[in-house]
Amino acid sequence: MRPKSKVLIIAGSDSSGGAGIQADIKTVTSLGCYAMTAITAVTAQNTTGVKSIVAIKPSEVSKQIEFTSKDISPKAIKIGMLHSKQVILAVTKSLKKISTKKVVLDPVMVAKGGTKLINNAAISYIKNKLMKKTLLITPNIPEAEILTKIKIRSKNDMIKAGKNLMVLGAKNVLIKGGHLNSNVMIDIFINKKKTKVFISKKHISKNTHGTGCTLSSAIATYLSCGKDLIKSCELGIKYVNQSIKSNIKLGKGKGPINHLNSITISKRFN
Ligand SMILES: Nc1ncnc2c1ncn2[C@@H]1O[C@H](COP(=O)(O)OP(=O)(O)OP(=O)(O)O)[C@@H](O)[C@H]1O
Ligand SMILES: [Mg+2]
């Protein structure tokens, strides 16, 4: 088959393949599109933890974005972990030079275990600069709490924080409910006109490494194919839900989800 569309991913590498650039490429590919990348950092990690992180120079991140897009123009962009103020500024500048307007920002700040991944200067640049330039921001609950300073314990708190992000300049927000204490999964889309609550089945599994990266990439992929924002969020949530459900059990720690759940291989390998 020919790729249905083209997506540029700006994010860090996860050597274990479950999150970061690797999860993003698998998602875009499994959904039938062409993935390009700008790598912001290289991590050595496995399912039990992170061993080291090496940052790529901001000017190199910019080069990857601009030189790649000049040749193959992306229809949508997904932005993942940006660890420093300098790299956030470089990405913001590069985005101005390319025409793609469908930009999804996953404002990665807090790891699944609760560790803060970026410093306060970087958080303030995401909030005051980059967030306003993107079409959709997809914070998880701890990230929405940091951005809005609102404690989130319920669905109503999620809505309150989403509305606050709109006041702060976001265009569209999807607050992810993976960290909420509830029997079902609740993700909430908010913009000036609409609030849409997505309810899905909660799967009991320790293997949820990379759910956030996967969701934002899936949404960017659907957007690149021309789906509207709410439909893209709905389909992205479904893709992640199915990928968790098919639990592949890899590694000794918090393992990856199954990005291949969308693919049926009909031909034998010869
Ligand atoms: N146990 C689960 N069962 C079903 N869906 C889940 C589960 N955990 C997370 N999700 C879904 O995964 C998506 C990502 O949400 P989550 O809050 O986990 O993001 P995140 O914290 O950014 O993830 P990450 O740890 O990868 O950064 C959401 O659509 C959420 O509903
Ligand atoms: Mg996340």
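Here is what the cut-offs are and how they apply
Residues numbered from 1 in each chain as written. Chains lettered and ligands numbered in written order. Predicted model: local features only at pLDDT ≥ 70, side-chain atom pairs only at ≥ 80, totals over all residues. Core = buried A, V, L, I, M, F, W, Y, C linked by C-beta atoms within 7 Å. Buried ≥ 20, exposed ≤ 12 C-beta atoms within 10 Å, placed from the backbone. Helix = DSSP H or I, 4+ residues; strand = E, 2+ residues; numbered from the N terminus. Contact = placed C-beta atoms within 7 Å. Near = placed C-beta within 6 Å. Nonpolar A, V, L, I, M, F, W, Y, C, P; charged D, E, K, R; others polar.

### Some thoughts on the nonpolar core
The biggest cluster of nonpolar side chains holds 70 residues, and the ones touching the most others in it are I10, V91 and I219. Ranked by residue count, the leading element in this core is helix α7 (residues 211-224), at 7 residues. When neighbours within four sequence positions are excluded, I219 is seen to be in contact with V104, L136, S232, C233 and G236.

### Examining the site of ligand 1
Inspection of the region around ligand 1 gives 22 residues, with N140, K176, G178, T211 and G212 positioned closest. Of all the secondary structure elements, the ones that give two or more residues to the shell around ligand 1 are β8 (184-190), α7 and α8 (229-245). A breakdown of the residues in the shell around ligand 1 according to their chemical character gives 7 nonpolar, 11 polar and 4 charged.

### Focus: the environment of K194
On the secondary structure map, K194 appears in the loop between β8 and β9 (195-201). Between the alpha carbons of K194 and I230 there is a distance of 9.8 Å; along the sequence they are 36 residues apart.

### Things to note about the environment of N164
Positionally, N164 belongs in helix α6 (residues 155-167). C-beta crowding within 10 Å serves as the criterion here: with 17 such atoms nearby, N164 is assigned to the partly exposed category. Here the alpha-carbon distance between N164 and P142, two residues 22 residues apart in the chain, equals 15 Å. Residues contacting N164, with those up to four places away along its chain left out, are T148 and I150.

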